[in-house]
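Structure assessment
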Amino acid sequence: MDPAEDRSNGDTDFGPRVTTRGFVGRARDVDQARLPPGQYLERGFPVLSYEATPSVDRADWQFSIETAAGSASWDWNQMLELPQTSLTVDIHCVTKWTKLDTTWVGVSIDDFLSAAGLELFSPYVMANCYTGYTTNLPSEDVLDDRAMVAHTFDGEPLDPEHGGPARLLVPHLYFWKSAKWVRGLQAMDEDSPGFWEGYGYHIRGDPWLEQRYAGD
Amino acid sequence: MPAIDTSAQVAGAFSGVGAWQRATVASVTVETYRAKTFRVALSDWSDFRSGQHVDVKLTAPDGYQAQRSYSIASSPELLGSIDLTVELVEGGEVSSWFHDVAEPGDVFELRGPIGGPFTWTVDDGGPLLLVGGGSGVVPLMSMLRHHRAHDFAAPALLLYSSRTLDDVIYLNELESYASTDSGPTVSLTLTRQNPPGWTGYTRRIDQRMIDDLLDEVGEPTLVFICGPTAFVENAAGLCVAAGVSAERIRTERFGPSG
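Residues numbered from 1 in each chain as written. Chains lettered and ligands numbered in written order. Predicted model: local features only at pLDDT ≥ 70, side-chain atom pairs only at ≥ 80, totals over all residues.

**Considerations on the overall build of chain B**
Operational definition: By definition, any uninterrupted DSSP run of H or I lasting at least four residues is a helix, any uninterrupted run of E lasting at least two residues is a strand, and each is numbered from the N terminus. Taken over C-alpha atoms, the radius of gyration is set against a globule rule of 2.2 Å times the number of residues to the power 0.38. Residues with at least 20 neighbouring C-beta atoms inside 10 Å of their own are called buried, those with 12 or fewer are called exposed, and the rest are partly exposed, where every C-beta is derived from the backbone. Contacts here follow a simple rule: the backbone-placed C-beta atoms of the two residues must lie within 7 Å.
Of the regular secondary structure elements, chain B holds six helices and eleven strands. For a compact globule of 258 residues, the expected C-alpha radius of gyration is about 18 Å, and chain B comes in at 18 Å, within 12% of that figure. In terms of overall dimensions, chain B has C-alpha extents of about 55 × 50 × 35 Å along its principal axes. The 258 residues of chain B split such that 49% are buried. Expressed as a percentage of contacts within chain B between residues at least 6 apart in sequence, the contacts between residues at least 24 apart total 75%.

**Here we look at the overall build of chain A**
Looking only at helices and strands, chain A has two helices and 15 strands in total. Expressed as lengths along the three principal axes of its C-alpha atoms, the size of chain A is roughly 65 × 35 × 30 Å. Counting the 216 residues in chain A, one finds 40% classified as buried. A separation of at least 24 residues holds for 59% of the contacts in chain A among residues at least 6 apart in sequence.

**Some details on the interface of chain B and chain A**
For clarity, the threshold we go by: Nonpolar residues are Ala, Val, Leu, Ile, Met, Phe, Trp, Tyr, Cys and Pro. Charged residues are Asp, Glu, Lys and Arg, and all others, Gly as well, are polar.
Facing the 47 residues of chain B at the interface are 44 residues of chain A. At the level of secondary structure, the elements contributing two or more residues to the side of chain B that touches chain A comprise β1 (21–32), β3 (53–59), β4 (65–71), α2 (93–100), β6 (107–114), α6 (229–241) and β11 (249–253) of chain B. With five residues, the top contributor of residues to the side of chain B that touches chain A is β4(B). Split into classes, the residues belonging to the side of chain B that touches chain A amount to 24 nonpolar, 15 polar and eight charged.

**Regarding the pairing of strand β15 (residues 182–188) of chain A**
Residue and element names in this part refer to chain A. Applicable threshold: Strands are treated as partners if at least two bridges between them are detected by DSSP.
The element β15 is largely enclosed, with a buried count of five among its seven residues. One ladder, built from three bridges, connects strand β6 (residues 62–67) with β15; its direction is parallel. Each residue of the ladder has a partner; that of Ile65, found in β15, is Leu185. Bridge count for strand β10 (residues 124–129) against β15 is six bridges, and the pairing is antiparallel. Looking across to β15, one finds that Ala127 is bridged to Leu185.

**Describing the sheet that holds β6(B)**
Residues and elements named next belong to chain B. Quick note on the threshold: Note on geometry: axes are C-alpha line fits, over the in-contact stretch for helices, and angles between N-to-C directions span 0 to 180 degrees.
Taken in spatial order, the six strands make up an open sheet running β4-β3-β6-β1-β2-β5, and their pairing is antiparallel. Edge positions in the open sheet fall to β4 and β5 (81–87), since each of these has one partner strand only. This sheet shows a mean twist of 40° between the axes of neighbouring strands, independent of strand direction. Note: β3 against β4, seven bridges, orientation antiparallel. Within β4, the residue paired with Lys57 across the bridge is Gln67. Packing against the sheet, α2 makes contact with β2 (35–42), β3, β4 and β5, and its axis sits at approximately 110° to β5.

**Quick look at helix α3 (residues 137–149) of chain B**
All names here are of chain B. The test is simple: Expected helix span is given by 1.5 Å per residue-to-residue step, counting one fewer step than there are residues.
Its 13 residues give α3 an end-to-end C-alpha distance of 18 Å, which sits within 8% of 18 Å, the value for a rise of 1.5 Å per residue. Of all 13 residues in α3, twelve are buried, a share of seventy percent or more. Among the residues of α3, those classed as buried are Val137, Val138, Pro139, Leu140, Met141, Ser142, Met143, Leu144, Arg145, His146, His147 and Arg148. Each element contacted by the buried residues of α3 is listed here: β4, β5, β7 (128–133), β8 (156–162), β10 (222–227) and β11. Positive backbone phi, approximately 60°, marks Asp151, located one or two places after α3.

**Describing the nonpolar core**
This is how it is decided: By convention in this section, buried Ala, Val, Leu, Ile, Met, Phe, Trp, Tyr and Cys residues joined through C-beta atoms within 7 Å make up a nonpolar core.
Counting residues in hydrophobic clusters, the biggest one holds 117 residues, and the most contacted among them are Leu130(B) and Phe224(B). Contacts of Leu130(B), omitting those with residues within four sequence positions, involve Leu140(B), Met143(B), Ala156(B), Leu157(B), Leu158(B) and Phe224(B).

**Quick notes on unusual backbone geometry**
The amide bond that connects Gly164(A) to the next residue, Pro165(A), takes the cis arrangement and shows omega of 15°. Position of Pro165(A) relative to the elements: it lies in the loop between β13 (156–157) and β14 (167–169). Between Gly112(B) and the following residue, Pro113(B), the backbone shows a cis peptide bond with an omega angle of 5°. With respect to the element layout, Pro113(B) can be found in strand β6.

**Side note on the environment of Val30(B)**
With respect to the helices, strands and loops of the structure, Val30(B) is situated in strand β1. Along the sequence, Val30(B) and Val232(B) sit 202 residues apart, while their C-alpha atoms lie 26 Å from each other.

**As for the sheet that holds strand β9 (residues 185–190) of chain B**
The strands making up a sheet associate through hydrogen bonds between their backbones, and the pairing can be parallel or antiparallel. Residue and element names in this part refer to chain B. An order of β9-β8-β7-β10-β11 is seen for the five strands of this open sheet, with the pairing classed as parallel. A single partner strand is all that each edge strand has here, and the edge strands are β9 and β11. Averaged over all pairs of adjacent strands, the angle between their axes in this sheet comes to 10°, without regard to strand direction. Bridge count between β8 and β9: six bridges; the pairing is parallel. Considered in β9, the bridge of Tyr160 is made with Leu188. Set on the sheet, helix α5 (residues 207–217) makes contact with β7, β8 and β9; between it and β8 the angle comes to about 155°.

**With respect to the pairing of strand β7 (residues 70–75) of chain A**
Strand direction decides the pairing type here: β6(A) and β7(A), joined by six bridges, are antiparallel. From the neighbouring strand, Ser64(A) faces β7(A), where its bridge partner is Ser73(A).

**Considering the environment of Gly134(B)**
Residue and element names in this part refer to chain B. For Gly134, the position within the fold is in the loop between β7 and α3. Here the alpha-carbon distance between Gly134 and Arg203, two residues 69 residues apart in the chain, equals 14 Å. Filtering out sequence-adjacent residues up to four positions away, Gly134 remains in contact with Ser162, Gly227 and Pro228.

**Here's the deal with the confidence of the model for chain A**
Just so we agree on the cut-off: Each residue carries a pLDDT value, the predictor's own confidence for that position, ranging from 0 to 100.
When the pLDDT values of chain A are averaged, the result is 90; 92% of them are 70 or greater. Under a pLDDT of 50 for its full length, residues 1–10 of chain A has, in the predicted model, 18 contacts with residues more than four places off or in other chains.

Right under this line is the structure:
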C-alpha cells in the first residue's frame, strides 16, 4: 500500500515527509517542552557502555586537570574537601531516552580550577577515563558551572555501572559526553575526536540541536 | 586498565551515519510469541559491520515522532535489505506499531548503520565467544550469519540465555548450525522452565558455565556480551574472573526500548 505523504508538513532528507500508516504514538502527556527532538521520556536509568564495568577503588582514585600553564590532581578525600555542588537536571542520551529531574552532587570544574589556581585558556579539553574511554569537549562547555565531577546520584553513592565512583556530568550535552569513571581533563589547543566521536557521533552533541551524528 | 582498540577507526570503517532514508517493510516473520523479524528494503543500503544498529523514526499524522534504535539481525552479505528483530515491549509505542500494525509495503524512516566497538567481521578472527540474554541475541545473530557466509572460518561459541524454550529466537537456525561440521557451538540455558528431555543448561549464567565454555572454545580473541544490564554486568564480570582480559570484552546493554 502507499504511505500517506503530506508535503505541507515539511520534507525529509529524501523527499516529502513519510507518515507511517497506523502509527499513533503514546499519549502526549509529558511536558513536551522538556524533551529535545527525537527523545522519549524514560523513568528508569538505562546503562550504556561498550566496555565491562571497571572496578575503581576510591583509595586509588585520582582526578587531574592538565593545562598548558600547569597541572593539578586530587585524591578522593581532597576532592571531597572542595566545595560540593548539588544539581538537579534533565539528562539526554543519544540512544533517545531522556530522564527528568536527576539530582547529582559533585565538584564543579570551576571549583577544581580555582582550588589549583589554574585557568583553562585552551579552547578544548579531552576527558580521559579509567577504562581508556575519551570524549572531547569545548572548554566553554565545562566552565561557568556547566560541568562537574559527580560522585552522588539521587542521594546515593554513584553505582559503578553508572560511572562510579565518579563521572563527568555535562548535562546540557548528550550523555556520552558525561564520561563514566573519569580520571582527568586535558587541555587541547585544537579539537580532536574522542571515542564515540571517532565512530561517527557528533563532535559536540547538543541534544536541543539534535546533534547525534557527524554532520547533524 | 584496558586500552581501547581504535584500529577500526583508523581504518575509516565508520565514516558517517548518513541521512534519514526510506525503509519499506518487505516481509514479516514471527520468531516467538513476542519477537518478530521485519525484512526492510532500504532506498540507500550500505555495507555495515555485524553488531551495528540503526535508528528508526515513526511519524504520526499529527507530526508526533518517535525514534528507537534496533540492532541489525541480518548479515552484511544480504544486500539491499536488513532484518530487524523487534521484541514487543509492553506499552512500547514503536515496538507495538511493529507488532500490531506493520505489514509488507509499510514505510518508515531509518538511519544508519551506527555503532563502533560492538562489531565483528571475519577479519577480526576468533575464537569468538558470544553471550546473549533475551533479545540481546539479535546483534550476535548478525555475527553468526556473517560467520556462516564465510564458512565458519574461526571457532565460535554462542551462550544464549532465555526464560523458556518459547522465548528462544532463531531456534531452528541455531539448531541447524549444530549439524554442520565447522559450525559454532550453541549452548542454550533456560532460566525459568525447561521442557521434558531438555539437555541444555537450566540456570542463570554462572562461573562454572563460563569456565567450561571457555575451556571448550579456547582463549577468545573477542567476547561480545549483549542483553539486559544486570545480565551483561554479571556475564562480563564472570569472563574477567575467568581470566579474559577486559579489553577483549565488548558489551551492549539493552535498556527498555519501547
